[in-house]
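Residues per chain, in single letters:
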Amino acid sequence: MYGRDPWGGPLEIHATDSATDDDRSRNLGDFDRAALSRNLDETQQSWLLGPTEQKKKKYVDLGCIIVSRKIFKWTVGCILAAALLAGFITMIVKLAPRHKHHNPPPDNYTVALHKALMFFNAQKSGKLPKHNNVSWRGNSCLQDGKSDDSTMFKNLVGGYYDAGDAIKFNFPQSFALTMLSWSVIEYSAKYEAAGELTHVKDIIKWGTDYLLKTFNSSADTIDRIAAQVGKGDTSGGSTDPNDHYCWVRPEDIDYDRPVTECHGCSDLAAEMAAALASASIVFKDNKAYSQKLAHGAKTLFKFSRDQRGRYSVGNEAETFYNSTGYWDEFIWGAAWLYYATGNSSYLQLATTPGLAKHAGAFWGGPDYGVLSWDNKLTGAQVLLSRMRLFLSPGYPYEEILKTFHNQTSIIMCSYLPIFTSFNRTKGGLIQLNHGRPQPLQYVVNAAFLATLFSDYLEAADTPGWYCGPNFYSTDVLRRFAETQIDYILGKNPRKMSYVVGFGNHYPKRVHHRGASIPKNKVKYNCKGGWKWRDSSKANPNIIVGAMVAGPDKHDGFHDARSNYNYTEPTLAGNAGLVAALVALSGDRDVGVDKNTIFSAVPPMFPTPPPPPAPWKP
């Protein structure tokens, strides 16, 4: 009989099974091969295999790839284990107590730098900023300019008091600002490492904001500038109230403060131009303010060249800050204006041999090589040597730049103990002012220049310089600077720091009105304050960071308030101290900033020298 194969085709069924077992096996084998030769769906396969014959798949289909089930399990397991381990480690790190890695303690120069900058906060005149950080100082002299009917400058509020009095002398104040700006331009990275970059820039801006008030800074041409605010002449027994006769806190000043104008003051105007020009480089990121400073500097320098004269002739500045000439300020101011503007006419002027001759560059003298508020020649020579070392402009500047470079080398030689240009005290302090009083202001300037020049040489891959036939390494210059600053900070026969607040032994009776009178809400009149001036007690207010005038030529020092030759600090002195400290501070590997000072200088292509005269037989 025939039946129907459920998978298609006839199926013959025999009523009697006459086949042998072998025949049946072969027939089943044929049926199996026929069945397997077709594509079976999952249901049909399950019918064939039955529930006991199903097997686990050896592979896992992940969609894009097919992987072995064993590898898949290992992979997933490893990922989970790694995640658990990472989470465990993270938990341990977060819960474990943290040990902070403290930075090494700052060196003595950095510590002293923090304090030396504070002196300028104590010297501020006008309406003080909220965070001035000198608790015993307050607003003062808010009528400067307004109280003098004879001057056209009615707003002269601000700036800095010069020393222990309340006079604002623009000549040394401008020099102090130039020195501070120079130090920031060269060592901004060190200021930043010490956390003082913003502070020192605020100090400079407080001064330059005031200088911009002392002349018509928006004009291209001027005919006068304010040279001084306040009066200190007590000659002839005068008892008129002024800033020297009266011993009162600046906050209590109620007497008139006259303004001194000048119409022919080349030295003062050129120094103010240097201050504004150098500051314009400091604030180059503030384009509007930088341009304002540069414009003011150009106006002042034009005035200094057009209306010749010494600012101190015929007035009381001749007694306190007499200028011996203006030729050095011409070179100094022109050099800074060239760096600030890139105008080659200033460089041509700064490298004019005639100016150098008038400034005393070729004849020497007892004070040759001494940088001070009066004589900037040495500073100008170092500043222009920088150009030769890094830019090498060639003709037509090379001759005088080479001369300045050679003279700078000679000056650096004169600082070394093996030469006899300057005497030294038994304690090792160089006598740059030949034993005269108030020596430290000159020493700190020399320490700054020596460190700066050594850093210039190292930045130019020059290991040292020659003094005659002998070669000296840059370490010798730096060592000179360190010994002088170390002396000032306490390594001297008296074991006394001449910077107030540094160390445990420093002057306690500083010649300073504000520091010597307590802030006790009592207003003393001119003579009433004399009891504080003449008292032998220590100052009630510590004027942190003030560098006093210094010891005598025998290393002696009298901590007496009445003796200003020992105990009076000044703006110019502290500016040199700040510059020297920042140059020596921090990491020795952090040298000068080679490029910032040249920001405005265009690429230099040396002009070929003129051809020789035609040959004649």
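Not measured: the values here are computed from a predicted model. Numbering of residues starts from 1 in each chain and follows the order in which that chain's sequence is written. Only residues with pLDDT of at least 70 get local features here, since the model is predicted, and only at 80 or more are side-chain atom pairs given and counted; chain-wide, interface and lining totals rely on the full set of residues. Side-chain descriptors were evaluated using all non-hydrogen atoms of the structure, hydrogens and water having been removed beforehand.

Peer 1: Any chance you could break down the overall build of the protein for me, citing the residues and the numbers?
Peer 2: Only DSSP runs of H or I reaching four residues or more are called helices, and only runs of E reaching two or more are called strands; each is numbered from the N terminus. A count of helices and strands for the protein gives 20 helices and 9 strands. Accessible surface for the protein amounts to roughly 30,600 Å². Of this, 55% is attributable to carbon and sulfur atoms. To measure how exposed things are, a 1.4 Å probe is used in the Shrake-Rupley method; for residues, cover is taken only from the protein chains shown.

Peer 1: Residues and numbers for the environment of aspartate 374, please.
Peer 2: For aspartate 374, the position within the fold is in the loop between α12 (353–358) and α13 (377–390). Taking the relative accessible area as the measure of exposure, aspartate 374 reaches 12% and is therefore buried. C-alpha of aspartate 374 to C-alpha of aspartate 328: the two residues are 46 residues apart in sequence and 8.9 Å apart in space. Contacts between residues were defined by any pair of non-hydrogen atoms, one from each residue, lying within 4.5 Å. Leave out the neighbours within four places in its chain, and aspartate 374 touches Phe171, Asn322, Ser323, Thr324, Asp328 and Glu329. A distance of 2.9 Å separates polar atoms of two side chains, one belonging to aspartate 374 and the other to threonine 324. The cut-offs for exposure are 20% and 50% of the maximum accessible area for each residue type, with area from a 1.4 Å probe on protein chains only; residues under the lower value are buried, those over the upper are exposed, and the others partly exposed. As used in this structure description, the phrase polar contact means that two N or O atoms lie within 3.5 Å; if the pair is within protein, one of them must be able to donate a hydrogen and the other to accept it, and residues adjacent in sequence are counted only when both atoms belong to side chains.

Peer 1: Residues and numbers for the sheet that holds strand β6 (residues 225–229), please.
Peer 2: Here, any two strands with at least 2 DSSP bridges between them count as paired. Across the sheet, 3 strands lie side by side as β5-β6-β7; this open sheet has antiparallel pairing. Both edges of this open sheet fall to β5 (168–169) and β7 (259–262), since each of them pairs with a single strand only. Pairing analysis gives 2 bridges linking β5 to β6, with the strands arranged antiparallel. Bridge pairing in β6 places lysine 168 opposite valine 229.

Peer 1: Account for the state of the cysteines, with residues named and values stated.
Peer 2: Put simply, a disulfide is two cysteine sulfurs that come within 2.5 Å. According to the stated counting rule, one finds 3 disulfides in the structure shown. A sulfur-sulfur distance of 1.7 Å marks the disulfide that ties cysteine 246 to cysteine 526. Torsion about the S-S bond of the cysteine 246 and cysteine 526 cystine: about 60 degrees, corresponding to right-handed handedness. Remark: cysteine 526 occurs in the loop between α17 (513–516) and α18 (530–533) and cysteine 246 occurs in the loop between β6 and β7; sequence separation between them is 280 residues. The class of cysteine 246 is buried, set by a relative accessible area of 1%. On the basis of relative accessible area, cysteine 526 is assigned to the buried category, the value being 15%. Covalently, cysteine 413 is tied to cysteine 467 through a disulfide, its sulfur atoms 1.9 Å apart. Between cysteine 413 and cysteine 467 the disulfide shows an S-S torsion of about -100 degrees. By sign, it is left-handed. Of the two residues, cysteine 413 sits in helix α14 (residues 398–414) while cysteine 467 sits in strand β8 (residues 464–467), which places them 54 residues apart along the sequence.

Peer 1: So, the environment of aspartate 555: which residues are in play, and what are the values?
Peer 2: Mapping aspartate 555 onto the fold places it in the loop between α18 and α19 (564–567). Between the alpha carbons of aspartate 555 and threonine 425 there is a distance of 6.4 Å; along the sequence they are 130 residues apart. Beyond its immediate chain neighbours, meaning those up to four positions away, aspartate 555 contacts Thr425, Lys426, Gly427, Tyr487, Pro493, Arg494 and Tyr498. A distance of 2.7 Å separates polar atoms of two side chains, one belonging to aspartate 555 and the other to threonine 425. For aspartate 555, the side chain forms a polar contact with the main-chain nitrogen of lysine 426, separated by 3.5 Å.

Peer 1: An account of unusual backbone geometry is needed here, citing residue identities and associated values.
Peer 2: Here the residue pair tyrosine 395 and proline 396 is connected by a cis peptide bond, since its omega of 5 degrees sits within 30 degrees of zero. If you trace the backbone, proline 396 turns up in the loop between α13 and α14. One non-glycine residue, serine 392, lies in positive phi territory at about 45 degrees. Tracing the chain through its elements places serine 392 in the loop between α13 and α14. Relative accessible area serves as the criterion here: at 45%, serine 392 is assigned to the partly exposed category.

Peer 1: Please set out the packing of aromatic side chains residue by residue, giving values where relevant.
Peer 2: Only Phe, Tyr and Trp rings take part, Trp by its six-membered ring, and two of them pair if their centres are within 6.5 Å. Stacked means planes under 30 degrees apart, edge-to-face means over 60, and tilted covers everything else. Summed over the entire model, instances satisfying the criterion amount to 29 aromatic pairs. Ring centres of phenylalanine 119 and phenylalanine 120 lie 5.8 Å apart, and the angle between their planes is 75 degrees; on these two criteria the pair is classed as edge-to-face. Ring geometry for tyrosine 321 versus tryptophan 373: centroids 4.9 Å apart, planes at 80 degrees, classification edge-to-face. With a gap of 52 residues between them, tyrosine 321 in the loop between α9 (317–320) and α10 (327–341) and tryptophan 373 in the loop between α12 and α13 connect regions that are remote in the sequence.

Peer 1: Explain the nonpolar core to me, using residue names and the numbers behind them.
Peer 2: Core analysis: the biggest nonpolar cluster contains 163 residues, and Trp182, Ile225, Trp336, Tyr339, Tyr415, Phe448 and Ile485 have the highest contact counts within it. Ranked by the residues each element gives to this core, the list is headed by helix α15 (residues 440–459), at 13 residues. What tryptophan 336 contacts, discounting residues up to four positions off in sequence, is Thr178, Trp182, Ile185, Ala274, Ala277, Ser278, Ile281, Leu383 and Ile597. Residues belong to a common nonpolar core when they are buried Ala, Val, Leu, Ile, Met, Phe, Trp, Tyr or Cys residues joined through side-chain atoms within 4.5 Å. Tyr245, Cys246, Ile253 and Cys526 belong to the second largest nonpolar core, which has 9 residues in total.

Peer 1: Pulling in residues and values, what's your account of the environment of glycine 586?
Peer 2: Mapped onto the secondary structure, glycine 586 falls in the segment after α20 (571–584). Between the C-alpha atoms of glycine 586 and asparagine 108, which are 478 residues apart in sequence, the distance is 9.4 Å. Setting aside residues up to four positions removed in sequence, glycine 586 forms contacts with Asp107 and Thr110.

Peer 1: Go over the packing of helix α4 (residues 108–122) against α20, please, and point to the residues and values.
Peer 2: Helix-helix packing: each pair is described by the crossing angle between the helix axes and the interaxial distance. In this analysis an axis means a line fitted to C-alpha atoms, helices contributing only their contacting stretch, and an angle means the value between N-to-C directions, from 0 to 180 degrees. Contact geometry of α4 with α20 gives a least axis separation of 9 Å together with a crossing angle of 155 degrees. In terms of orientation, α4 and α20 fall into the roughly antiparallel class. Seen from above, α4 lies across α20 with left-handed handedness. Between α4, through Tyr109, Ala112, Leu113, Ala116, Leu117, Phe119 and Phe120, and α20, the contact on the second element is made entirely by Leu571, Asn574, Ala575, Leu577, Val578, Leu581, Val582 and Leu584. An angle counts as roughly parallel when it lies under 35 degrees, as roughly antiparallel when it exceeds 145, as roughly perpendicular when it falls between 65 and 115, and as oblique in every other case. Left-handed describes a crossing whose near helix is turned anticlockwise from the far helix through less than a right angle; right-handed describes the clockwise counterpart.

Peer 1: Could you give me a rundown of α13, with the residues and numbers involved?
Peer 2: Each turn of an α-helix holds 3.6 residues, which means side chains three or four residues apart point in the same direction. Here α13 is 14 residues long and its end C-alpha atoms lie 20 Å apart, about the 20 Å a rise of 1.5 Å per residue gives. Burial analysis of α13 places 12 of its 14 residues in the buried class, the great majority of the element. For α13, every residue scored as buried is listed here: Leu377, Thr378, Gly379, Ala380, Gln381, Val382, Leu383, Leu384, Ser385, Arg386, Met387 and Phe390. Residue serine 392 follows α13 closely and has a positive phi angle near 45 degrees. Working rule for helices: expected span equals 1.5 Å times residues minus one.

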